[in-house]
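Structural characterization, general
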Amino acid sequence: MSKTIKSPRPAARTARHPSLITSHQSPITNHQLPVPSPRQRFLDAAHCKPTARPPVWLMRQAGRALPEYRALKQKYTFLQLVQTPELASEVTLQPMRRFDFDAAIIFSDILVVAEGLGQGYQFRDEGGIEMDFLLKSAADVDRLNVAALPERLNYVGQALRLTKAAVGDKALLGFAGSPWTLANFMLEGGGVKEYTKAKALFYSDRPLFFKLIEKLSLAIANFLHLQIDAGADAVQIFDSLGGVLSDADFEAASARWMKQIITSLQNRVPVIVFSKGTHGNWNSLVDTGAQILGVDWTINLAETRARLPEHVGVQGNLDPFLLATTPEVVAQETRRILHEMKGRPGHIFNLGHGVPPNAKLENIESLVNTVKDFK
Ligand code: CP3
């Protein structure tokens, strides 16, 4: 005979854990609920369902802050690491062995899409990116080959498949740059102090701008489908340069193309839009259809939670600089953010941008432990 279960949780919660509805169980209390897998915790938060504590991962969690990454860089170039599935998978897993993150993000780069379209790039020995040539004319845009991309970027799919098998019960994330952010790099030829060329094209030759951004949007959508086919549980779109646009033009130059991509993904997996410096544009961001909005560290989360519709999740937003301070400071600021978001379903803990190269490992540890212990 089954006993009636008086769950303190809403019915929806019990229904998602059917194993709870068994015989031989006395009325359960919160702390007796089975702990969901990290992947399930991530997906629950991504769908704005309640979780006992937020899932946690960090943008750029793989990379220069880790000695084992720097050791691999002695043997291989950045592009070899990105383009060799076994190596990309290894770099993806490095931070997962050290830290108890709920999600891994595949080690790759937003510029692989430029390469997949025929515009290659190099990573300079002294640091920084250099494209093999610049997009300068309509003919350069015409030459970008959208049809060739899935074959050329097959290595990303393979890296995801290898990683999926190794990552166990953690979530696995794929990603791409936003069309606007990618266009900036492809027109400038790499990272620059001030991004002007994409803006110049947007204001002075709108038809050519549209031609480029439409191609990029299609390529990025295909690329994200490829990553989902290969096992990505969710994908993030990095709109890291959204903030160089005025509020008035953000929708036309960036948001509507992200919306086009998200529409094409047809809710196959949750989509996170991380847009930096653009939060005067809540309406355009919500209108992209992203399930989760990643917010940078300048944004007040209590205000964010009040503004966003309940079905939209929030990811963020510890100041990455803090990873260079002390474990105590990191714990204190992490707790502040957790308290601001407490009781708001749909919070994924992250930084407000990527892990900086000077991050101390004990500080990352402190961040993760503080989130894990939060009640
Ligand atoms: O988050 C992760 O751990 C996954 C890996 C990842 C990288 N790049 C690896 C990388 C991700 C998600 C990116 C995204 C990316 N790449 C963005 C958007 C996010 C952001 O940080 O704003 C952008 C703008 C790029 C383009 C890019 N890649 C630049 C401008 C540079 C050179 C400057 C720099 O940060 O080093 C890169 C190189 C790069 N991509 C490194 C890593 C780990 C550094 C490589 C090294 O020093 O060994």
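The notes below deal with the structure included here. (Residues numbered from 1 in each chain as written. Predicted model: local features only at pLDDT ≥ 70, side-chain atom pairs only at ≥ 80, totals over all residues. Heavy atoms only, no water.)

1. Points about the pattern of salt bridges
Enumeration according to the criterion identifies 16 salt bridges in this entry. In this structure, glutamate 130 and arginine 124 form a salt bridge, with 3.2 Å as the shortest nitrogen-oxygen distance. By relative accessible area, glutamate 130 is classed as partly exposed at 40%. One salt-bridge network, in which partners are shared between bridges, spans Arg39, Lys164 and Asp233. (Salt bridge = Lys/Arg side-chain N within 4 Å of Asp/Glu carboxyl O. Buried < 20%, exposed > 50% of the residue type's maximum accessible area, 1.4 Å probe, protein only.)

2. A short note on the pairing of strand S9 (residues 347-351)
Burial of S9 is extensive: 5 of the 5 residues sit out of reach of the surface. Of the two faces of S9, the one carrying His347, Phe349 and Leu351 and the one carrying Ile348 and Asn350 are both buried. In the sheet, strand S8 (residues 313-318) pairs with S9 via 5 bridges, with the strands oriented parallel. In the strand pairing of S9, glycine 316 is matched with phenylalanine 349. Taken together, S8, helix H16 (residues 327-341) and S9 form a β-α-β motif whose crossover is right-handed. (Helix = DSSP H or I, 4+ residues; strand = E, 2+ residues; numbered from the N terminus. Pairing = 2+ DSSP bridges. Right-handed = clockwise from strand over helix to strand, strands pointing away.)

3. So, H16
Taking 1.5 Å as the rise per residue, H16 with 15 residues should run 21 Å; its terminal C-alpha atoms sit 21 Å apart, in good agreement. Burial in H16 covers these residues: Val330, Ala331, Glu333, Thr334, Ile337, Leu338 and Met341. For H16, the secondary structure elements touched by its buried residues are helix H15 (301-307), S8, S9 and helix H17 (361-373). Of the residues trailing H16, glycine 343 is marked for its positive phi of about 80°. (Expected span 1.5 Å × (residues − 1). Contact = heavy atoms within 4.5 Å.)

4. A look at the side chain of serine 89
Within the secondary structure layout, serine 89 lies in helix H5 (residues 85-98). Residue serine 89 is classed as buried on the basis of its relative accessible area, which comes to 5%. Not counting residues up to four positions away in its chain, the partners in contact with serine 89 are Ala159, Leu162 and Thr163.

5. Quick notes on the sheet that holds S8
Sheet architecture is open: 7 strands sit in the order S1-S4-S5-S6-S7-S8-S9, paired in parallel fashion. Each edge of the open sheet carries a strand with a single partner, namely strand S1 (103-105) and S9. Direction aside, the axes of adjacent strands within the sheet are offset by 25° on average. By the bridge criterion, 3 bridges tie strand S6 (residues 271-275) to strand S7 (residues 292-294) in an arrangement that is parallel. (Axes fitted to C-alpha atoms, helices over the stretch in contact; angles between N-to-C directions.)

Read these as spatial facts, not as claims about activity.
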